[in-house]
Amino acid sequence: MPLIDSKSGRIRKDYSLDELKEAARLMRGYNLAVLACAGSGHAGGTLSAMDLTAALYLKVARLDPDNPAWDGRDRIIWSTGHKAPNVYIGVGMTGAFPVENVATLRRLTSPFQGHPHWLKFPAAEASTGSLGQGLSIGVGIAMAAKLDQKNFRVYVMNGDGELQEGSIWEAAMAAGHYGLDSLVSIVDKNRLQIDGWVKDVMDVDPIADKFRAFGWHAVECDGHDLAAILRAFDEAAAVRGKPTVIIAHTTKGKGVDFMENVAGWHGKAPSLDETRKAFAQLGLDGKVDLDRMKRIADEHQKKVDAELAAKMPKFGNDYWWNRQPVMKVQMDPTRMGYGRALQESGADERVVCLGADISGSITIAKFYEGHPDRAPKGKQISRFISVGIAEQNATTIAAGLAKEGKIPTFGTYGVFASARNLDQIRTTVAYGNFNVLIAGAHGGVSVGPDGATHQALEDIANITPIPGIMAVVPCDAVETKKATLALLFQITGPKYLRFAREATPVVTTDATPFVIGKANVLRLRRVADNMIDAFETVLAEKYRGEGEKVALVANGPMVPEAMRAAWILKEEKGWDTRVVNMHTVKPLDERAVVSAAQECEVLITVEEHQIGGLAHPVAAAVLRGLGGGRAPRFGSIGVRDRFGESGAPWELVKEFEVSAEHIAALAIRLGG
């Protein structure tokens, strides 16, 4: 179907096969360019799906570039939301806007989020990124079309690794049951996922036979042969009474020799030099203006920087990390502490790790680094079990392992580890009181450009109401290692460990006290060359108040921010501050909270989470503990009823107002 004018019905553009091939080649170039400008993203899968993208947006789907909300348009949903550049470039190539604008991909305030958000980019049709949900959305849209007797078609882009999600097969069952013949799933079968070959991680073949068993028509094609792709779409259009799946056999990283069939390019963006090298291979020299696109991205970034600077609280000095000659910090991702602990604990034969495809990203793969005996072995069982992209299954498998005396730990991004499988955590793990450690990685907005679908901002609130479960949010990589080992070997029962992605300040040492369920108090004693030497840390139960004006109750990487706020308050106002590291959210150290409330004028909770994960239990503890006595002036720093955004990690700390500057400014407002 050519691109059309929905008002007049005239044809805007009808691509010939040769023009479509050239468009796909050009789109590959734009894709590499926008990823290079972003400095992050997913090169492998976006390239594998680009011929499908060109066919769908420029030839197959009924679309009007000037009227993206046209009711008669065909709907296109990208269930594989990490391939967001395909959406943006596909729509841009229709003529809806200049494709070069996608150069602002993954930047703060850009409509081109790291994963599509349809409220910012309506042509995306749905906000996706949590795998396994797009096909169900497509089923719902196709059902609505039948109810309203409309004849638009619904196309859903899926990945082969994504088929490991059980929700895909629930959607497939419903679509087959209701005979949704307007629905087409296009499976980009590039055979690779983050953890390796799909057949080794969790084999999904035979895909065609499985869909047929659910009542679908199945057709297979070469996903890089545009003539074959168009024939497959024509065949799908002729099917009546059942949905169609097009299984497109593709190559991850197609068109760039150093990317093809390399799993490492799944979640990686090329450098500018690598992009120019790829352009030469694709024959695109002089056809995509990389320098101009970089300027577009840089100009956008200048505006973002100015807007962030304008909204940041101002003080007499610039106290941002490592900008002063004193109070320096070393940075290390908290997730590394989890991996290091698993490396060390692997000598215990009871420990079993369950990987959910992002094993390197969350560092659970360190369990078998240097220990091939612990490594995954395809279809053989080892002490590292790859379950694929299947969080619900992983959680309940872990419960089964625990029942038989193993010490299992399952990890994925916190948004998936605490929500997609929440019923399994509640009913199987917690209700059964099984000894399972669930790791929620990538906590907070500092996850960065992947955006809202991958930023865990509600996980503590999800987890802590469940009876009997423990929740720990360590402050740095050193404390994360201690917490992991303690939860594995000192605590029996259900437990949740939350940690961040980005490198954050290291503010503890091996000698720093750490006891699950007991808070620490940190006190600024002097300005030192290194911040870690400027503070004294003791267990809260051993601390005696020193007349501090402000208490900051924090956890996770917000503890270093609270420490920096204490430095700001001392320098700017002469105020002493008690920083309470409440690493264990459940059970909460209420004694430490009540002491701070009784002895300080101002008490502020600080969390990289929707306000309430920490603030609500702390506030409740204050009310219970004071028994009607004098209450401090109370405030909360955290995410204020917002979803996350794409942007650089430290930009988002500023944008969401969880930095030390915002903590100090609130303390001054409350204590002035």
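Residues numbered from 1 in each chain as written. Predicted model: local features only at pLDDT ≥ 70, side-chain atom pairs only at ≥ 80, totals over all residues. Heavy atoms only, no water.

A. How the structure looks around the overall build of the protein chain. The secondary structure content of the protein chain amounts to 24 helices and 24 strands. Computed over C-alpha atoms, the radius of gyration of the protein chain comes to 26 Å, within 12% of the 26 Å expected from 2.2 N^0.38 for 672 residues, which places it in the range of a compact globule. Within the protein chain, buried positions represent 62% of all 672 residues. Pairs at least 24 apart in sequence give 79% of the contacts found in the protein chain among residues at least 6 apart. Summed over all atoms, the accessible surface of the protein chain reaches about 24400 Å², with 51% contributed by carbon and sulfur. Between the centroid of the 78 positive side chains of the protein chain and the centroid of its 80 negative side chains there is a distance of 2 Å. (Helix = DSSP H or I, 4+ residues; strand = E, 2+ residues; numbered from the N terminus. Rg over C-alpha atoms; globule rule 2.2 N^0.38 Å. Buried < 20%, exposed > 50% of the residue type's maximum accessible area, 1.4 Å probe, protein only. Contact = heavy atoms within 4.5 Å. Areas by Shrake-Rupley, 256 points an atom, 1.4 Å probe, with all protein chains shown as cover. Lys, Arg positive; Asp, Glu negative; His and termini not counted. Charge placed at Lys NZ, Arg CZ, Asp CG, Glu CD.)

B. Structural view of helix H10 (residues 272–282). Among all positions in H10, only Thr275, Ala278, Phe279 and Leu282 are buried. Taken end-on, H10 shows its buried residues confined to a sector of 105°, consistent with a single buried face. Looking at the packing, one finds that the buried side of H10 touches helix H1 (17–38) and helix H11 (290–311). With its phi angle positive at about 70°, Gly283 sits one or two positions after the end of H10. (Arc of directions from axis to C-beta.)

C. Empty space enclosed by the protein, seen in detail. Counted by the stated rule, this structure contains four cavities of 30 Å³ or more. The space that makes up the largest cavity amounts to roughly 70 Å³. If you trace the largest cavity, you find it lined by Ser446, Glu502, Thr504, Pro505, Pro557, Met558, Glu561, Glu608, Pro649, Trp650 and Val653. Only strand E17 (503–505), helix H20 (558–573) and helix H23 (649–655) provide two or more residues apiece to the lining of the largest cavity. Examining the composition of the lining of the largest cavity, we find that three residues originate from one element, H23, more than from any other. Residue composition of the lining of the largest cavity, by class: six nonpolar, two polar and three charged. Lining the second largest cavity we find Ile460, Val473, Arg498, Asn555, Val585, Glu607, Glu608, His609, Gly613 and Leu614. (1 Å grid on protein atoms, 1.4 Å probe; cavity = no way out; pocket = protein on both sides within 12 Å on 5 of 7 lines; lining within 4 Å. Points joined across faces, edges and corners; volume = space filled by probe spheres on them. Nonpolar A, V, L, I, M, F, W, Y, C, P; charged D, E, K, R; others polar.)

D. Broad picture of the layout of surface pockets. Considering only enclosed or pocket space, the largest pocket measures out at about 840 Å³ in volume. What lines the largest pocket is a set of 46 residues, and nearest its centre among them are His42, Ile194, His266, Gly267 and Tyr413. The set of elements that each furnish at least two residues to the lining of the largest pocket consists of strand E6 (192–193), helix H13 (359–362) and strand E13 (407–413). Tallied by class, the residues present in the lining of the largest pocket amount to twelve nonpolar, 20 polar and 14 charged.

E. Main features of the pairing of strand E14 (residues 437–441). Of all five residues in E14, five are buried, a share of seventy percent or more. In this sheet, E14 lies alongside E13 in parallel orientation, the contact comprising five bridges. Opposite Thr412, over in E14, you have Gly440 as the bridge partner. Here E14 pairs with strand E16 (residues 495–498) via four bridges, running parallel. When the sheet's bridge partners are listed, Ile438 is paired in E16 with Tyr496. (Pairing = 2+ DSSP bridges.)

F. Broad picture of the sheet that holds strand E21 (residues 577–581). Taken together, six strands build an open sheet; the order of strands is E19-E18-E21-E20-E23-E24 and the sheet is mixed. In this open sheet, the two strands that pair with only one neighbour each are strand E19 (535–539) and strand E24 (633–639). Shown here is a sheet whose adjacent strand axes are inclined to one another by a mean of 20°, direction ignored. As paired strands, strand E23 (residues 602–610) and E24 are joined by six bridges and run parallel to one another. Bridge assignment links Leu603 to a residue of E24, and that residue is Phe634. Contacting strand E18 (520–524), E19, strand E20 (550–554), E21 and E23, H20 runs over the sheet at an angle of about 175° to E21. (Axes fitted to C-alpha atoms, helices over the stretch in contact; angles between N-to-C directions.)

G. Layout of the sheet that holds strand E15 (residues 470–472). Taken in spatial order, the seven strands make up an open sheet running E12-E11-E13-E14-E16-E15-E22, and their pairing is mixed. The open sheet has two free edges, formed respectively by strand E12 (384–386) and strand E22 (584–586), since each of these has just one partner strand. Across the sheet, the mean angle from the axis of one strand to that of its neighbour is 20°, orientation sign disregarded. Two strands pair when backbone bridges link them, and E15 and E22 are joined in this way by two bridges, in the antiparallel orientation.

H. Region of interest: the pattern of salt bridges. The full count for this structure, using the stated rule, is 52 salt bridges. A salt bridge links Arg10 to Asp5, with the nearest nitrogen and oxygen atoms 3.7 Å apart. Of the residues examined, Arg10 reaches a relative accessible area of 46% and is grouped as partly exposed. For the salt bridge of Glu22 with Lys287, the shortest nitrogen-to-oxygen distance reads 3.6 Å. Of this pair, Glu22 sits in helix H1 while Lys287 sits in the loop between H10 and H11, and the two are 265 residues apart along the sequence. Of the residues examined, Glu22 reaches a relative accessible area of 30% and is grouped as partly exposed. (Salt bridge = Lys/Arg side-chain N within 4 Å of Asp/Glu carboxyl O.)

I. Representation of the environment of Gly253 within the structure. Checked against the element boundaries, Gly253 lands in the loop between strand E9 (244–249) and H10. Taking C-alpha positions, Gly253 is 9.1 Å from Ala263, a pair spaced ten residues apart along the chain. In this structure Gly253 touches Gly44, Leu47, Ser48, Met259 and Glu260, once residues within four positions along its chain are discounted.

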